[in-house]
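What follows is each chain in one-letter form.
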Amino acid sequence: RLSGTGRKLRRFRPLIAVKEVGTWIVSVAAARLIARRVGPQRACTMRYEDFVAHPEREMRTILGWMGEGDVEPPAVEGRSIRLEPVHQVSGNRVRTRHGDVELRHDLRWTTDLGAPSRWLIGVGTAPMRRRYGYLSRRATVRAASDGGSG
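Residues numbered from 1 in each chain as written. Predicted model: local features only at pLDDT ≥ 70, side-chain atom pairs only at ≥ 80, totals over all residues. Heavy atoms only, no water.

Undergrad: For the overall build of the chain, give the residues involved together with the corresponding values.
TA: From N to C terminus, the chain includes six helices and three strands. If you list the helices and strands of the chain from N to C, you get α-α-α-β-β-β-α-α-α. Buried positions account for 19% of the 150 residues belonging to the chain. Partitioning the intrachain contacts of the chain with sequence separation of at least 6 by distance along the chain shows that 46% fall at a separation of at least 24. Of the accessible surface of the chain, which amounts to about 11400 Å², a share of 56% is contributed by carbon and sulfur atoms. (Helix = DSSP H or I, 4+ residues; strand = E, 2+ residues; numbered from the N terminus. Buried < 20%, exposed > 50% of the residue type's maximum accessible area, 1.4 Å probe, protein only. Contact = heavy atoms within 4.5 Å. Areas by Shrake-Rupley, 256 points an atom, 1.4 Å probe, with all protein chains shown as cover.)

Undergrad: Could you give an account of helix 1 (residues 14-38), with specific residues and numbers?
TA: Residue pairs three or four apart in sequence face the same way in an α-helix, which turns once every 3.6 residues. The first and last C-alpha atoms of helix 1 sit 36 Å apart over 25 residues, in line with the 36 Å expected at 1.5 Å per residue. Within helix 1, burial applies to Ala17, Val21 and Val28. Directly after helix 1, the chain includes glycine 39, whose backbone phi takes a positive value near 90°. (Expected span 1.5 Å × (residues − 1).)

Undergrad: Would you mind going over helix 5 (residues 115-131) in detail, with residue names and values included?
TA: The end-to-end C-alpha distance of helix 5 is 24 Å, a good match for the 24 Å that 17 residues give at a rise of 1.5 Å each. Within helix 5, the axis deviates most sharply at threonine 125, by approximately 55°, and proline proline 127 lies no more than four positions further along. Just downstream of helix 5 lies glycine 133, where phi reads positive at about 85°. (Bend = angle between axes of the 7 residues up to and from the residue.)

Undergrad: Can you break down the sheet that holds strand 1 (residues 76-77) residue by residue, with the values?
TA: As summarised here, the arrangement of the three strands in space is 1-2-3, forming an open sheet in which the pairing is antiparallel. The outermost strands of the open sheet, each flanked by one partner alone, are strand 1 and strand 3 (99-102). The sheet contact formed by strand 2 (residues 80-83) and strand 3 spans four bridges and is antiparallel. Looking across to strand 3, one finds that leucine 83 is bridged to glycine 99. (Pairing = 2+ DSSP bridges.)

Undergrad: I'd like a rundown of the side chain of glutamate 58, residues and numbers included.
TA: Looking at the secondary structure, you find glutamate 58 in helix 3 (residues 55-65). Residues contacting glutamate 58, with those up to four places away along its chain left out, are Met46, Asp50 and Phe51.

Undergrad: Kindly report on the packing of helix 1 against helix 5, identifying the contributing residues and their values.
TA: Running from amino to carboxyl end, helix 1 crosses helix 5 at an angle of 10°, the nearest separation of the two axes being 9 Å. Judged by the inter-axis angle, helix 1 sits roughly parallel to helix 5. Contacts between helix 1 and helix 5 involve Pro14, Ala17, Val18, Val21, Trp24, Ile25, Val28, Ala29 and Arg32 from the first element and Leu120, Ile121, Gly124, Thr125, Met128, Arg129 and Arg131 from the second. (Axes fitted to C-alpha atoms, helices over the stretch in contact; angles between N-to-C directions. Parallel < 35°, antiparallel > 145°, perpendicular 65-115°, else oblique.)

Undergrad: Before we move on, could you go through the pattern of salt bridges and cite the residues and values that matter?
TA: Counted according to the given criterion, the structure contains seven salt bridges. Here arginine 47 ties to aspartate 50 by a salt bridge, and the two come within 3.9 Å at their closest N and O atoms. Classification of aspartate 50 by relative accessible area gives partly exposed; the value is 30%. Residue glutamate 58 pairs with arginine 57 through a salt bridge whose shortest N-O separation is 3.0 Å. (Salt bridge = Lys/Arg side-chain N within 4 Å of Asp/Glu carboxyl O.)

Undergrad: So what's going on with a positive patch on the surface? Residues and values would help.
TA: There is a patch of like positive charges on the surface, built from Arg32, Arg36, Arg37 and Arg131. The element best represented in the positive patch is helix 1, accounting for three residues. (Patch = residues over 30% accessible without salt bridge, like charges linked within 9 Å, V, L, I, M, F, W, Y side chains within 5 Å. Lys, Arg positive; Asp, Glu negative; His and termini not counted. Charge placed at Lys NZ, Arg CZ, Asp CG, Glu CD.)

Undergrad: An account of the pairing of strand 2 is needed here, citing residue identities and associated values.
TA: Across two bridges, the pairing between strand 1 and strand 2 is antiparallel. For valine 76, the partnering residue across the bridge sits in strand 2 and is isoleucine 81. Linkage of strand 1 to strand 2, two consecutive antiparallel strands, is achieved through a turn of two residues, within which glycine 78 is found at a positive phi near 65°.

Undergrad: Any details on the packing of aromatic side chains? Residues and values, ideally.
TA: Within the structure shown, the criterion is met by zero aromatic pairs. Between arginine 47 and the ring centre of tyrosine 134, over which it is positioned, the NZ or CZ distance is 4.3 Å. (Phe/Tyr/Trp six-rings, centres within 6.5 Å; stacked < 30°, edge-to-face > 60°. Lys NZ or Arg CZ within 6 Å of the ring centre and 35° of its normal.)

Structure (structure tokens):
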């Protein structure tokens, strides 16, 4: 911690950043490969930002896609969703939460990581982010030079 500020000191940990980028790229590539192999009748894509912004609408869209349009989605109240306990081997630590869970954009990586880590993550993820509409070609170049904030 920085003395007297209560803020954590940001240390550049390139191996951790590289590991996280690699894990994300492999996960996205594997999901894309599976979706391509099983076809659009058995796989759909939802953007995290769309789900956080409109959870009930997105849940209803998925239920309709599944042919379950008459099923009520999990309880959504404002920005919270009620989750039941599930068993899952791996993934984000949020997977272990249950009960009312607040849905929000998690942008801590833009403030909690130092510039070198943001730069490394920005450069490493730029091709995939561009593919999914998060970056234009110009923004990709800017992300590489300013720490991935594009």
